[in-house]
Amino acid sequence: MAAIPKAELHVHIEGTLEPAMVFDLAERNHIDLPYDSVAELEAKYRFTDLQSFLDIYYENMAVLRTRQDFHDLAAAYLRTCPEQGVRHAEIFFDPQAHLKRGVSIDTVITGLCDAIDEYRDQVSASLILCFLRDDTAESAMATLLAAEPYLDRIIGVGLDSAEVGHPPSKFAEVFQRAREKGLKVVAHAGEEGPPEYVREALDVLGAQRIDHGIRALDDPKLVARLRREQIPLTVCPLSNVRLGVFGDIREHTLPRMLDEGLLVTVNSDDPAYFGGNVEANVAAIREHLGVTEKQLRALAENSVRASFLDEQTKERLL
Ligand code: ES4
Ligand code: ZN
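As the structure is a prediction and not an experimental result, all values here were calculated from the model.

Quick look at the packing of helix α7 (residues 137–147) against helix α8 (residues 172–180) now. Here α7 crosses α8 at 15°, and the two axes come no closer than 9 Å. On the basis of the axis angle, α7 is roughly parallel to α8. Pair α7 / α8 crosses with left-handed handedness. Of α8, the residues touching α7 (which contributes A137, A140, M141 and L144) are E173, V174, R177 and A178. When the residues that make up the contact of α7 with α8 are grouped by side-chain class, the tally is six nonpolar, no polar and two charged.

Let us look at unusual backbone geometry. With phi around 80°, S161 is a residue other than glycine that occupies positive phi space. Along the chain, S161 turns up in the loop between β4 (154–160) and α8. Among the residues examined, S161 registers 20 C-beta atoms within 10 Å and is labelled buried. A positive phi is found at D269, a non-glycine position, where the angle reads about 70°. Its place among the elements puts D269 in the loop between β8 (263–266) and α13 (271–274).

What follows deals with the sheet that holds β8. Pairing within the open sheet is parallel, and its eight strands lie in the order β1-β2-β3-β4-β5-β6-β7-β8. At either end of the open sheet lies a strand with only one pairing partner, and these are β1 (6–12) and β8. Here the average twist between neighbouring strands, direction ignored, is 25°. Bridging between strand β7 (residues 232–235) and β8 involves four bridges; their strand directions are parallel. When the bridges of β8 are listed, P232 appears paired with L263. In the packing of α8 onto the sheet, contacts are made with β3 (124–132), β4 and β5 (184–189), and the angle to β5 comes to roughly 150°. Packing of helix α14 (residues 278–289) onto the sheet brings it into contact with β1, β2 (86–93) and β8, and relative to β8 it is tilted by some 120°.

Thresholds applied
Residues numbered from 1 in each chain as written. Chains lettered and ligands numbered in written order. Predicted model: local features only at pLDDT ≥ 70, side-chain atom pairs only at ≥ 80, totals over all residues. Axes fitted to C-alpha atoms, helices over the stretch in contact; angles between N-to-C directions. Helix = DSSP H or I, 4+ residues; strand = E, 2+ residues; numbered from the N terminus. Parallel < 35°, antiparallel > 145°, perpendicular 65-115°, else oblique. Left-handed = near helix turned anticlockwise from the far one by under 90°. Contact = placed C-beta atoms within 7 Å. Nonpolar A, V, L, I, M, F, W, Y, C, P; charged D, E, K, R; others polar. Buried ≥ 20, exposed ≤ 12 C-beta atoms within 10 Å, placed from the backbone. Pairing = 2+ DSSP bridges.

Given below as structure tokens:
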């Protein structure tokens, strides 16, 4: 399976920050950590829901300070792509989480791009700027404006962080501006939130893919639409289990989504926190959900088709 070419479309670069790197960067940047060992940090990775994960995800980011740090973070992820058959990655990043800490958007983007350029012969990669939905619409707009000098290095915008209580419609204006700037649009929706948020992401934000989208299955009319319009869903099985959306991997509805004719892809979300990379997710659905070789090949093909690569490059990868 590792040999089958695929694209990863749902990975937060800050979620690839491994515990060992938290310690290395803390030392390099002279930052005091509230834990004494990797084991003590990892012991905190017992999440009950999305928020309990986000608390530690944002806390760990404190060690990311310099252009070199962002380079090293992205380089560590990109290095793992070839062995997983990941030939292309569309990588989320959360500038607001860094701006808040006094790290400039220039530091973040140039650091990430240093690594993307360095690994371009092994894997192609592009950046998707995510807005934090539990922050204000004004903050999102200010972030888009700050990013505008870098838009040649950003393929699209997304929406992430705490979902419930923060409907996509809150960000109608900023996504309209992003679309006017020629940016692609994706959004997390239906991870913990209701099917209505998936509809809003499509109709109000103009989302071209839905990140997660698993709760769309609660609404048969929405399922019919997602099938009819072949809206790609970037599903992250191990993430859903670790965040308690499903009690056990054997309860995951990915097989049902495939049976419904939905355009599903498999992704890692935050591999340093949720038990592994794309390959680990693929292994889990094969082992515990009975997903067949043929279905795995279809999932890999879906990931290339659902990417923002040009059609010629897609055909070359397929
Ligand atoms: C995230 Cl799993 C998940 N959901 C929403 N926002 C996120 N940011 C990083 N990981
Ligand atoms: Zn995510």
